[in-house]
Amino acid sequence: MSPSTTVTTTADAVCAVLDADRLSELLGQPVRAGRLRIKPGVSILVSLRERATGLTAGWARLLWPVSHSKASQVERLAAGLGLERPPVTRGLGDLLLQSGPVGADPKLAEPMARATREGALGAWDTQDVLRYNPSRRLVLRTGSAVLRLRARAGGPADDVHRVLARRLPVPGILDSQAVARCEGHVSLQQWCGDTNLAELSDDRTAEHATSEVETESTADATRRVGALLAELHSCMEALRPDLVDRLPHQHPGPRDLAEVHARQLDALDPGLARRVRAVGGMLPTRLPGEPVLTHGDASPDQVLYERSSGRIWLTDFDRARLAPAATDLGSYLAVAPASQGHALLEGYAEHRPVPAAEQLGAAVARSRLARLADPLRQADPSWRERVGAELAVIESIARSPEKEAAWA
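A brief report on the enclosed structure follows. These numbers were taken from a predicted model, which means no experiment stands behind them.

Criteria and cut-off values
- Residues numbered from 1 in each chain as written.
- Predicted model: local features only at pLDDT ≥ 70, side-chain atom pairs only at ≥ 80, totals over all residues.
- Heavy atoms only, no water.
- Axes fitted to C-alpha atoms, helices over the stretch in contact; angles between N-to-C directions.
- Helix = DSSP H or I, 4+ residues; strand = E, 2+ residues; numbered from the N terminus.
- Parallel < 35°, antiparallel > 145°, perpendicular 65-115°, else oblique.
- Contact = heavy atoms within 4.5 Å.
- Buried < 20%, exposed > 50% of the residue type's maximum accessible area, 1.4 Å probe, protein only.
- Polar contact = N/O pair within 3.5 Å; in protein donor to acceptor, adjacent residues only side chain to side chain.
- Salt bridge = Lys/Arg side-chain N within 4 Å of Asp/Glu carboxyl O.
- Disulfide = S-S within 2.5 Å.
- Left-handed = near helix turned anticlockwise from the far one by under 90°.
- Pairing = 2+ DSSP bridges.

### Examining the packing of helix α10 (residues 254-265) against helix α11 (residues 270-282)
- Between α10 and α11, the shortest axis-to-axis distance is 8 Å and the interhelical angle comes to 175 degrees. By the criterion of interaxial angle, the relationship of α10 to α11 is roughly antiparallel. Contact with α10, carried on its side by Pro254, Arg255, Ala258, Glu259, His261, Ala262, Arg263 and Leu265, involves Pro270, Leu272, Ala273, Val276, Arg277, Gly280 and Gly281 of α11 and no other residues of that element.

### So, the side chain of His233
- Note that His233 resides in the loop between α8 (216-232) and α9 (241-246).
- His233 gets classed as buried once you look at its relative accessible area, which sits at 2%.
- There is a polar contact of 2.9 Å between the side chain of His233 and the side chain of Asp328.
- What His233 contacts, discounting residues up to four positions off in sequence, is Val292, Leu293, Thr294, Ala325, Asp328, Tyr348 and Arg352.

### Side note on the pattern of salt bridges
- By the definition in use, this model includes 28 salt bridges.
- With a shortest N-O distance of 4.0 Å, Asp220 and Arg223 are connected by a salt bridge. Linking Asp220 with Arg223, this pair stays in helix α8, spanning three residues, or about one helical turn.
- With relative accessibility at 23%, the residue Arg223 sits in the partly exposed group.
- Notably, a salt bridge pairs Arg240 with Asp242, separated by 3.1 Å at the nearest N-O pair.
- On the basis of relative accessible area, Asp242 is assigned to the partly exposed category, the value being 38%.
- Among the ionic contacts, a cluster of salt bridges with common partners joins Arg131, Arg137, Arg148, Arg150, Asp158, Asp316 and Asp318.

### Considerations on the state of the cysteines
- Tallied over the entire structure, the rule returns zero disulfides.
- Sulfur of Cys192: no disulfide; nearest cysteine sulfur belongs to Cys235 and is 17 Å away.

### A short note on the packing of helix α14 (residues 357-370) against helix α16 (residues 383-399)
- Across the interface, α14 lies against α16 with an axial gap of 9 Å and an inter-helix angle of 155 degrees. On the basis of their axis angle, the class for α14 and α16 is roughly antiparallel. With respect to the hand of their crossing, α14 and α16 are arranged in left-handed fashion. Listed contacts from α16 to Gly361, Val364, Ala365, Arg368 and Leu369 of α14 are Glu390, Val393, Ile394 and Ile397.

### Points about the sheet that holds strand β6 (residues 129-133)
- Strand order in this open sheet of four strands is β6-β7-β8-β9, and the pairing throughout is antiparallel. The two strands at the open ends of the sheet, each matched to only one other strand, are β6 and β9 (186-190). Strand after strand, the sheet turns through a mean of 15 degrees between neighbouring axes, direction not considered.
- The sheet contact formed by strand β7 (residues 137-142) and strand β8 (residues 145-150) spans six bridges and is antiparallel.

### Some thoughts on the environment of Arg386
- Within the element layout of this structure, Arg386 appears in helix α16.
- Under the relative-accessibility criterion, Arg386 is labelled partly exposed at 39%.
- Along the sequence, Arg386 and Asp256 sit 130 residues apart, while their C-alpha atoms lie 21 Å from each other.
- For Arg386, the contacting residues outside a window of four places in its chain are Pro375, Gln378 and Asp380.

Given below as structure tokens:
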């Protein structure tokens, strides 16, 4: 795409951003999209990766006229912070195209600069970036620790983490005065393991592509994850009453989840938007069961693993909440390889009763609905086909939730 090519609609802009050649030409550097966040008719924000290495290369955003003022706000912020590499802004038809390095992120620049001033964040480069979600979160490896920097402070995640560290295998929180002075925008924890269970499963699949037998190490680790989730679900009495009050209660209902996705898809694929709203109405409004302390985003990639010892640690409690136990189990089962489902529930059953098959099926469907837009968020050019295929699976589960729970 030449810089003069007009981009007007949200659909046009998404196509341009997801095409690595077009995006590279627009920005004048060889990049591809990483994480994508869309506000139809308002803005599109994307993290950038180097095409050759996959390393984080910064961020870019397209701003419609209604949000043009945000570009100058970030420029003033960068000037006030004295950033060596400020954002660059130029016109693209009626839109503005703005881009910059991670250090000039619209929402993270200020807390990042403060973390540096306070001594909580030292020198780092792109090879240290573990995860970057623009304007929300930056996760870095710093020596033998992991630093998490958040745009929004005040959540209960770190306090939940501290409580659980006394009872469960979770990475230790490393408190310091420098971190405390960042007032909730920064947390530091021990570096644990050398992979996670999602990557371990991918490795095993690649090594044994012709075998249907799950390796004992992965199955054993998944069984221990089930036991670990059961222990987590028994920890609510360890939380102070004020921390319980700060935690979200329940997960969003399926209609609300569907509406969030559908509002984006209205501008991109109205047919898919209609299907999403319909499937939101097919699922139970609430899952039965007493509320327990849940992880909120249970999945193999949230379980750290050490190859040499087989040790596991549960990590990332940013979405911890009170909800029925089936929500965590359904969340994990929704994304884990099917062969691991029985091991997960077997480990869980050693400590707590496993929810009924119909309840697990409904929880799996709800979790898949919550993750429905992940292919789009992850800037996959084939997002439309993947979302359509996932919708078909959710529709099938919604009709017969008990059949989905074959692992029970």
